[in-house]
Amino acid sequence: MELLFSIPVHEKPEVVIDQVLNFQHFNPGCGIVLHISQAFNFSKTVMDRETFVQKLTALGNVFVNPESLRTGLQDMIQAHIANYRYMRSVCDFDKFCLCASNDMFYKAGLAEHIRPYACGEDPLVIAPEEGKCDRPFFRYYYTWKALQDECLKNELAKMGTDTIWFSHIEGSYYSKDLFEELANQIEAFYDYRKMEMKYPREEVYFSTCYMNTDKRERYPLCPDGVFTFVPWSRDGFWVWESDLHKLEKNPGGYFCVKRVARELNVYLRKYLRKKNGYEQKEKELLGDLVETKGMIRSKWKNETKQKLKTLFAKK
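Residues numbered from 1 in each chain as written. Predicted model: local features only at pLDDT ≥ 70, side-chain atom pairs only at ≥ 80, totals over all residues. Heavy atoms only, no water.

A.B. asks: Mind showing me how you'd approach the overall build of the chain here?
C.D. replies: Scanning the chain for helices and strands turns up 13 helices and 11 strands. Computed over its C-alpha atoms, the radius of gyration of the chain comes to 20 Å, within 12% of the 20 Å expected for a compact globule of 315 residues. Oriented by its inertia axes, the alpha-carbon framework of the chain measures out at about 60 × 50 × 40 Å. In the chain, which comprises 315 residues, the proportion classed as buried is 54%. In the chain, of all internal contacts separated by at least 6 residues, the share reaching a separation of at least 24 is 79%. When the accessible area of the chain is evaluated, it comes to approximately 14600 Å², of which 51% is carbon and sulfur surface. Side-chain charges of the chain comprise 46 positive and 44 negative groups, with the mean position of each set lying 6 Å from the other. (Helix = DSSP H or I, 4+ residues; strand = E, 2+ residues; numbered from the N terminus. Rg over C-alpha atoms; globule rule 2.2 N^0.38 Å. Buried < 20%, exposed > 50% of the residue type's maximum accessible area, 1.4 Å probe, protein only. Contact = heavy atoms within 4.5 Å. Areas by Shrake-Rupley, 256 points an atom, 1.4 Å probe, with all protein chains shown as cover. Lys, Arg positive; Asp, Glu negative; His and termini not counted. Charge placed at Lys NZ, Arg CZ, Asp CG, Glu CD.)

What follows is the structure, given as structure tokens:
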């Protein structure tokens, strides 16, 4: 397969199924590997784990990693590496794409767009001096933690540099061979089981190990960066329908958006499945859990009120 999407999940099986259908609709023939967190509690969900896995695997090219590692906020890097390791034993693929459980695609064509490149990152320098890039206003919230990370400091010394790079993880991608090299390097200096300080290492380790070594020369970087759009200047980073219309007119390298609330019938999910024709398939899988009406009410509840709140907050 050409594209393999890695997604760590930790709640709401019905929302995961909605996301899988969305990814498959816009990326025909893709593979999806899910890492189910140890914290995923099926006792309070709409279906048990066995039913969940059966529905997923019946869709084809959807794989559930049998290994469930510890994951949580600022503690995700091991899930993606574990997904990669598992899939290397299962099937062949070209690109390993890192996503989150609140990402959604809004258009097709990703495979063709990234085919010439071995890496998709949006690397920015965060240390020792932030702003050494074309976006000098950028400040990374966790820079001070990265600077205290003894594992990272030791690896930087081995690489002969003190430069630390950040890249947004969702929408990043790597060729199979490149990710193998990155995973090997990271696991040689970092053991997630011994973590004492939390911060989103996946946003730092992959880009720092890529940009500070000859991998940067051997594996070409896509000039468009990552394929997932995030409205960074917006409170909560929530995506609206109007964002999709703007992206359709001026897409850049974006094909996917984040954040979409992990609620099955939030307006943007309803809009995407109705507009793009996979609503009926979802209805067959999830039955009456899927709302097919009430679009205006949902838009008001999930978007319009949020927009008004954001607008008044700026005044």
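A.B. asks: Help me understand the sheet that holds strand β9 (residues 172-175), please; the structure alone is not making it clear to me.
C.D. replies: Strands belonging to one sheet form pairs held by backbone hydrogen bonds; the direction of such a pair is parallel or antiparallel. Read from one edge of the open sheet, six strands run β3-β2-β1-β4-β9-β6, paired in mixed fashion. Of all the strands in the sheet, the pair left with one neighbour each is β3 (62-64) and β6 (119-120). In the sheet, strand β4 (residues 95-98) pairs with β9 via four bridges, with the strands oriented antiparallel. Following the sheet pairing, Leu98 is matched in β9 by Ser172. Those strands touched by helix α7 (residues 176-189) are β4, β6 and β9, and its axis lies near 100 degrees from that of β9. (Pairing = 2+ DSSP bridges. Axes fitted to C-alpha atoms, helices over the stretch in contact; angles between N-to-C directions.)

A.B. asks: What am I meant to see in helix α3 (residues 77-88) here?
C.D. replies: Along an α-helix, residues three or four positions apart point the same way, because every turn accommodates 3.6 residues. Relative to the 16 Å expected for 12 residues at 1.5 Å per residue, α3 spans 17 Å between its end C-alpha atoms, a close match to the ideal helical length. When α3 is considered as a whole, its buried residues turn out to be Ile77, Gln78, Ala79, His80, Ile81, Ala82, Asn83, Tyr84 and Met87. (Expected span 1.5 Å × (residues − 1).)

A.B. asks: Sorry, what's going on with unusual backbone geometry here?
C.D. replies: Comment: phi is negative for the bulk of residues other than glycine, and the bulk of peptide bonds are trans. Cis rather than trans, the peptide bond between Ala127 and Pro128 has omega equal to 5 degrees. As for its placement among the helices and strands, Pro128 is situated in the loop between β7 (124-127) and α5 (143-148). With an omega of 10 degrees, the peptide bond between Lys258 and Arg259 qualifies as cis. Structurally, Arg259 is set in the loop between β11 (256-257) and α11 (267-276). Within the chain, Lys12 stands out as a residue other than glycine whose phi angle is a positive 55 degrees. Mapped onto the secondary structure, Lys12 falls in the loop between β1 (3-9) and α1 (13-26). Of note in this structure, Phe237 is not a glycine but carries a positive phi near 60 degrees. Examined against the element boundaries, Phe237 turns out to sit in the loop between β10 (228-229) and α10 (241-249). Assessed through its relative accessible area of 25%, Phe237 is described here as partly exposed.

A.B. asks: For this particular structure, what's the right way to read the environment of Tyr106?
C.D. replies: Locating Tyr106 in the fold gives a position in the loop between β5 (104-105) and α4 (110-114). For the pair formed by Tyr106 and Tyr254, sequence separation is 148 residues and the distance between their alpha carbons is 9.1 Å. Setting aside chain neighbours within four positions, we find Tyr106 in contact with Phe26, Leu244, Leu247, Glu248, Pro251, Tyr254, Phe255, Cys256, Val257 and Leu272. At 2.9 Å, the side chain of Tyr106 forms a polar contact with the backbone oxygen of Tyr254. (Polar contact = N/O pair within 3.5 Å; in protein donor to acceptor, adjacent residues only side chain to side chain.)

A.B. asks: For this particular structure, what's the right way to read the nonpolar core?
C.D. replies: In this structure, Phe5, Phe105 and Phe227 are the most contacted members of the largest nonpolar core, which totals 52 residues. Top contributing element to this core by residue count: α1, with seven residues. With near-sequence residues (within four places) excluded, Phe105 lies in contact with Phe5, Asn22, Phe23, Phe26, Asn27, Leu110, Phe227, Phe255, Cys256 and Leu272. If you look at the next biggest cluster of nonpolar residues, it comprises 46 residues, including Leu4, Phe63, Ile77 and Ala82. (Core = buried A, V, L, I, M, F, W, Y, C linked by side-chain atoms within 4.5 Å.)

A.B. asks: Is there a simple way to think about the layout of surface pockets in this case?
C.D. replies: Over the atoms a probe the size of a water molecule is rolled, and this reveals where empty space is left. In this structure, the largest pocket encloses a volume near 1300 Å³. What lines the largest pocket is a set of 46 residues, among which His168, Glu170, Glu203, Trp232 and Lys258 lie closest to the centre. Elements supplying a minimum of two residues to the lining of the largest pocket: β1 and β10. Its residues placed into classes, the lining of the largest pocket shows 25 nonpolar, 11 polar and 10 charged. (1 Å grid on protein atoms, 1.4 Å probe; cavity = no way out; pocket = protein on both sides within 12 Å on 5 of 7 lines; lining within 4 Å. Points joined across faces, edges and corners; volume = space filled by probe spheres on them. Nonpolar A, V, L, I, M, F, W, Y, C, P; charged D, E, K, R; others polar.)

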